[in-house]
Amino acid sequence: MLRPLSTLVGRGGRRPGWGLLVLFLTFCQSTKVLDEKTGRAAGAKTDGPSGYYFDDMARYLGGFDIPSDSKLAPFTQGPEYAQHRNSMAVFWEKTRAHSITPVSEWRETTLFRNPNGTVCREDRPAIYPMSGADLINLYNICPYASEYVMVALEKAGDIPHPENQTAQYYRNLSDMRAVIGNIAQRNYFSSVFMRAKIVNNREIPGIAPVLLAFASGLGWRIVDMEKFHLGEGGKVIIDEVTSEQKPRGVRIWFRVEGEKRLRSLTYIEQYLNAQSAEQT
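Cut-offs and rules
- Residues numbered from 1 in each chain as written.
- Predicted model: local features only at pLDDT ≥ 70, side-chain atom pairs only at ≥ 80, totals over all residues.
- Heavy atoms only, no water.
- Helix = DSSP H or I, 4+ residues; strand = E, 2+ residues; numbered from the N terminus.
- Expected span 1.5 Å × (residues − 1).
- Bend = angle between axes of the 7 residues up to and from the residue.
- Buried < 20%, exposed > 50% of the residue type's maximum accessible area, 1.4 Å probe, protein only.
- Contact = heavy atoms within 4.5 Å.
- Salt bridge = Lys/Arg side-chain N within 4 Å of Asp/Glu carboxyl O.
- Phe/Tyr/Trp six-rings, centres within 6.5 Å; stacked < 30°, edge-to-face > 60°.
- Lys NZ or Arg CZ within 6 Å of the ring centre and 35° of its normal.

A.B. asks: Mind laying out helix H2 (residues 79-109), listing which residues take part and the relevant values?
C.D. replies: Between its first and last C-alpha atoms H2 spans 43 Å; for 31 residues at 1.5 Å apiece the expected length is 45 Å, and the two agree. Along H2, the helix axis deviates most sharply at Arg-96, where the bend reaches about 45°. For H2, the full list of buried residues reads Tyr-81, His-84, Met-88, Phe-91, Trp-92, Thr-95, Ser-99, Ile-100, Val-103, Ser-104 and Arg-107.

Rendered as structure tokens:
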């Protein structure tokens, strides 16, 4: 299936001669963020092969409560997940104190009082080249952007599948926590550490699980997640399985409380160099 992209005046995330392309913003008429019947994001889609709600998956990875009828619920009962949940609670406490709160205060007192005009507008996308998985800073600096585009070298990955429940799965879940702990401690990611703990992580693959975990802690309710690669002319080609074609990526559709908008986060796995940063 092909999805059109709007051309953005940008500089990264493309092969030589390609523009960085981003999605048309889709507006939703409903003001509901949660479906009263299911307790999940309004309009939340399932992952076809497993039946998981992406909203459930985000909350599972982020260490938050999930609905009791979730297919993930049985995988939250053991001591290994209890350790994950406790560790994530510490992570979120540190992240809010050392990153989210100070960045939000700086945004309101300095960035949003820019005498040269409004920045991070609601009708413009927020772009973060060479981002790694740093969604927390991107969102807290520009919480009202129409959409978010992140471009980095690390593989986009896929959602994990907790039904594996192997010792290796829980080791890899611990590896994911070790990586995102950099944000709580230093407010940045180590590229070498990410390659060792995420790129080579088979059970919790790539950047996508980290983005889902972060999204849950930022208050996002996930409606859908898609894997894609960019075809000729910047066409988004939705992939049922992880594509070997590049540039490839993942796109997360989400809502936040109090808004009508259905917004998106697009992560593009793409090497950036001098040629890919040339303006065309």
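Now, onward.
A.B. asks: Explain the side chain of Ser-70 to me, using residue names and the numbers behind them.
C.D. replies: Inspection of the secondary structure puts Ser-70 in the loop between helix H1 (54-62) and H2. For Ser-70, the residues in contact, after removing those within four places along its chain, are Arg-40 and Asp-56.

A.B. asks: A description of the pattern of salt bridges should follow, citing residues and the corresponding values.
C.D. replies: On inspection of all chains with the given rule, the structure shows 11 salt bridges. Across the pair Arg-107 and Glu-108 runs a salt bridge, and its minimum N-O distance is 3.0 Å. A relative accessible area of 8% means that Arg-107 is categorised as buried. A relative accessible area of 36% means that Glu-108 is categorised as partly exposed. A salt bridge links Glu-269 to Arg-248; the nearest nitrogen and oxygen atoms lie 2.9 Å apart. Note that Glu-269 is positioned in strand E12 (residues 261-269) and Arg-248 in strand E11 (residues 248-255), a separation of 21 residues in sequence. With a relative accessible area of 5%, Glu-269 lands in the buried category. When its relative accessible area of 13% is taken as the criterion, Arg-248 is described as buried. Sharing partners across several salt bridges, the network here consists of Arg-40, Asp-56 and Asp-69.

A.B. asks: Before we move on, could you go through H1 and cite the residues and values that matter?
C.D. replies: Counting buried positions along H1 yields nine of nine residues, so the element is predominantly enclosed. Of the positions making up H1, those classed as buried are Phe-54, Asp-55, Asp-56, Met-57, Ala-58, Arg-59, Tyr-60, Leu-61 and Gly-62. Backbone geometry just downstream of H1 places Gly-63 in the positive-phi region, at approximately 85°.

A.B. asks: Please give an account of the packing of aromatic side chains that cites residues and values.
C.D. replies: A full pass over the atoms with the stated rule returns 12 aromatic pairs. With a centroid separation of 6.0 Å and an interplanar angle of 40°, the aromatic rings of Phe-64 and Trp-92 are classed as tilted. Note that Phe-64 is positioned in the loop between H1 and H2 and Trp-92 in helix H2, a separation of 28 residues in sequence. Taking relative accessible area as the criterion, Trp-92 reaches 2% and is therefore assigned buried. Aromatic pair Trp-92 and Phe-214: ring centres 6.4 Å apart, planes at 75°, arrangement edge-to-face. Placement of Trp-92 in helix H2 and of Phe-214 in helix H6 (residues 208-217) is noted, with a sequence separation of 122 residues between them. Here the aromatic residues Phe-64, Phe-91, Trp-92 and Phe-214 are joined through ring pairs into a cluster of three or more. For the cation-ring pair, Arg-40 lies above Tyr-53, with the distance from its terminal atom to the ring centre recorded as 4.1 Å.

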